[in-house]
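# Examination of the molecular architecture
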Amino acid sequence: MYKLIFISLLFLTLTTFNVSAQDTLNSKIAEQKTYQLYLDKNWKELISFGKYALTKGFDYYYLRIRIGIAYFEEKNYRDAQRNFRKAYTFNSTDDVLMEYLYYCYIYLGEYDEARKFSKKFSSPLAKKVRTDSSPAVEYLIAEGGMKTTRRYDLADAYYGQFGLGHRVGKNSSFFHALTVFNQNGIPQNLNQKQYYLSANIPIGKSWMVSSAFHLINRTISFKLPPHRPIPPWMPQPLPPPPSTANYFAGSLLVKKSISKFDIRIGSTISNIDSISQVQGNLSLSYFPFGNNKLFFTGAGYIQKESISSDYKYAFSPSVSATPFSKLVLSASYFNNQAHHISEMNGYVVNNSGDLTTSRFTFMGNYLLSSHVNFYLLYQLENKTQNNPQNKNTTTTYSYHNFIGGLKFIL
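Residues numbered from 1 in each chain as written. Predicted model: local features only at pLDDT ≥ 70, side-chain atom pairs only at ≥ 80, totals over all residues. Heavy atoms only, no water.

### Details of the packing of aromatic side chains
What the rule picks out here adds up to 26 aromatic pairs. Their ring planes at 90 degrees and their centres at 5.8 Å tell us that Phe117 and Phe121 sit as a pair that is edge-to-face. Comparing Phe117 with Phe121 shows no difference in burial state: the two are buried. The interplanar angle of 65 degrees and the centroid separation of 6.2 Å between the aromatic rings of Phe315 and Tyr333 together place this pair among those described as edge-to-face. Note that Phe315 is positioned in strand 10 (residues 311-324) and Tyr333 in strand 11 (residues 327-336), a separation of 18 residues in sequence. On the basis of relative accessibility, which here comes to 24%, the residue Tyr333 falls in the partly exposed class. One residue, Lys147, lies across the ring of Tyr399, its end atom 4.5 Å from the ring centre. (Phe/Tyr/Trp six-rings, centres within 6.5 Å; stacked < 30°, edge-to-face > 60°. Buried < 20%, exposed > 50% of the residue type's maximum accessible area, 1.4 Å probe, protein only. Helix = DSSP H or I, 4+ residues; strand = E, 2+ residues; numbered from the N terminus. Lys NZ or Arg CZ within 6 Å of the ring centre and 35° of its normal.)

### Re the confidence of the model for the protein
Mean pLDDT over the protein works out to 89, with 90% of the residues at or above the 70 mark. Highest mean pLDDT in the protein belongs to strand 11 (98); lowest belongs to helix 1 (residues 2-23) (43). Below pLDDT 50 for its whole length, residues 1-22 participates in one contact with residues either more than four positions away or in separate chains. (pLDDT = per-residue confidence, 0-100. Contact = heavy atoms within 4.5 Å.)

### Notes on the pattern of salt bridges
Considering all chains together, one arrives at 15 salt bridges under this definition. With a closest N to O distance of 3.1 Å, Glu381 and Lys147 form a salt bridge. Of this pair, Glu381 sits in strand 15 (residues 372-386) while Lys147 sits in strand 1 (residues 137-148), and the two are 234 residues apart along the sequence. Each member of the pair Glu381 and Lys147 is classed as buried. We note a salt bridge from Asp153 to Arg151, for which the minimum N-O separation is 2.7 Å. Of the residues examined, Asp153 reaches a relative accessible area of 34% and is grouped as partly exposed. (Salt bridge = Lys/Arg side-chain N within 4 Å of Asp/Glu carboxyl O.)

### Side note on unusual backbone geometry
Residues other than glycine seldom take positive phi values, yet Arg130 does so here, at roughly 65 degrees. Note on placement: Arg130 falls in the loop between helix 8 (123-128) and strand 1. Residues other than glycine seldom take positive phi values, yet Met344 does so here, at roughly 55 degrees. For Met344, a relative accessible area of 55% translates into the label exposed.

### Let's talk about the environment of Ser118
Mapped onto the elements, Ser118 comes out in the loop between helix 7 (111-117) and helix 8. Residues contacting Ser118, with those up to four places away along its chain left out, are Tyr102, Thr131 and Lys170. In terms of polar contacts, Ser118 uses its side chain to reach the backbone carbonyl oxygen of Arg115, at 2.6 Å. (Polar contact = N/O pair within 3.5 Å; in protein donor to acceptor, adjacent residues only side chain to side chain.)

### As for the pairing of strand 7 (residues 261-270)
In this sheet, strand 7 lies alongside strand 6 (residues 243-258) in antiparallel orientation, the contact comprising ten bridges. Each residue of the ladder has a partner; that of Val254, found in strand 7, is Ile265. Joining the antiparallel neighbours strand 6 and strand 7 is a turn of two residues, in which Ser259 adopts a positive phi near 55 degrees. One ladder, built from ten bridges, connects strand 7 with strand 8 (residues 277-286); its direction is antiparallel. Looking across to strand 8, one finds that Ile269 is bridged to Val278. Connecting strand 7 to the next strand, strand 8, in antiparallel fashion are six residues, including Asp273 with a positive phi near 55 degrees. (Pairing = 2+ DSSP bridges.)

### Details of the pairing of strand 10
Two strands pair when backbone bridges link them, and strand 9 (residues 294-305) and strand 10 are joined in this way by eleven bridges, in the antiparallel orientation. Residue pairing in the sheet places Gly298 in a bridge with Pro317 of strand 10. Direction of pairing for strand 10 relative to strand 11: antiparallel, over a ladder of seven bridges. When the bridges of strand 11 are listed, Ala314 appears paired with Asn336.

### Here we look at the packing of helix 4 (residues 61-73) against helix 6 (residues 95-107)
The geometry of a pair of packed helices is captured by two quantities: the angle between their axes and the separation between those axes. Look at helix 4 against helix 6: their axes get within 11 Å of each other, and the N-to-C directions meet at 35 degrees. For the pair helix 4 and helix 6, the sense of crossing is left-handed. Residues Tyr61, Ile65, Ile69, Phe72 and Glu73 of helix 4 pack against Leu97, Tyr100, Tyr103, Cys104 and Tyr107 of helix 6. For the contact of helix 4 with helix 6, the class distribution of residues is nine nonpolar, no polar and one charged. (Axes fitted to C-alpha atoms, helices over the stretch in contact; angles between N-to-C directions. Left-handed = near helix turned anticlockwise from the far one by under 90°. Nonpolar A, V, L, I, M, F, W, Y, C, P; charged D, E, K, R; others polar.)

### Regarding helix 5 (residues 77-90)
Between its first and last C-alpha, helix 5 extends 20 Å over 14 residues, near the 20 Å set by a 1.5 Å rise per residue. Considered for burial, the residues of helix 5 that qualify are Tyr77, Arg78, Asp79, Ala80, Gln81, Asn83, Phe84, Ala87 and Tyr88. Buried residues along helix 5 sit against helix 3 (43-55), helix 4, helix 6, helix 7, strand 6 and strand 7. (Expected span 1.5 Å × (residues − 1).)

### Details of the packing of helix 3 against helix 4
Viewed as axis vectors pointing N to C, helix 3 and helix 4 meet at an angle of 145 degrees, and their least axial separation amounts to 9 Å. Between helix 3 and helix 4 lies a crossing whose hand is left-handed. Residue-level inspection shows Trp43, Leu46, Ile47, Gly50, Lys51, Ala53 and Leu54 of helix 3 in contact with helix 4, the latter providing Leu63, Arg64, Arg66, Ile67, Ile69, Ala70, Tyr71 and Glu73.

### A closer look at the side chain of Gln192
Turning to its location among the elements, Gln192 is positioned in strand 4 (residues 188-204). Judged by relative accessible area, Gln192 falls into the buried class, the value being 6%. In this structure the side chain of Gln192 is engaged in a polar contact, spanning 2.8 Å, whose partner is the side chain of Asn351. When sequence neighbours within four positions are dropped, the list of residues in contact with Gln192 reads Thr179, Val180, Phe181, Asn182, Ile216, Asn217, Arg218 and Asn351.

Right, here's the structure in full:
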């Protein structure tokens, strides 16, 4: 009995001593231990002890940069970035820190923020990471595809796009895309030309503003179905004249990165089919490992058309993963109530007369080399058509969409 009490008192004494020793942590101990853990490349323990030191009120340049490097080596670039930014407030002239922070931006896909930050580089660092000069055009995109359906009365559609990205100074990036879409059948041919322009402007402290404009030129020409020969003295039937219209969509998006989350809030206005649409967008992305190896996104939309008194809604969950260093796979689902909804900051515009009720998308992106990406995309697009003779009945059908493309990084 006494032996048990003695052991319990001894354990309590040792525990109290250990807590007291931790509470007496001083700057010298914090410096020595984190430096030794850094030399030993013991990244996990360095992160753990560094976080503990921060909770005890120790916060200085070398502590932050060591914690940042530990996160960086663990490929947790978001937490590394957060600590490097804090270290930058203590010392904004260290090239080692600035290079680490620059590559955090790059590995997280924040290229505009990286380019803006590189303006602060010294000449040797700018030359080392090759930001002292950049090409007039940074990348080119060429893609094409088709839409096919089993409906006998709908023709297959074909699609092609050419795009390029460039910068104006180091603060703004622009993307241009020219698109051609054709669906030729009976009784009508649809020929559509599109121009899309977007601009990304980082405004500091993990904020990004993106604006976009999408112009659509659509021409519908009509063909008469085959018929029996008509005697030449009788009036010959003529198809209706072609119909041409121009539509637009304008979007504004604001993104904020917080810890392992990206929040995007945006709005879009458009006049598809000469009907005014006003739309709000909200999305949240979660990066569980602090990098782009795996992330989840949920997007929601609300739209109001001028011809309708009610609101229409849509939502889209998605996931992206990198199972191998050169392969990125993604999948998404889209559920929708609105005929003329716009997605991806106005890049995708639904201007079909038939409602896209849902869509499944699967995409693979493979890095052929450091300068060439190859990607394939498949979509199952489910649509609903109101029957002209009876407005109360609908017809459902599906499109199978296939798109392939190449991205050339210059």
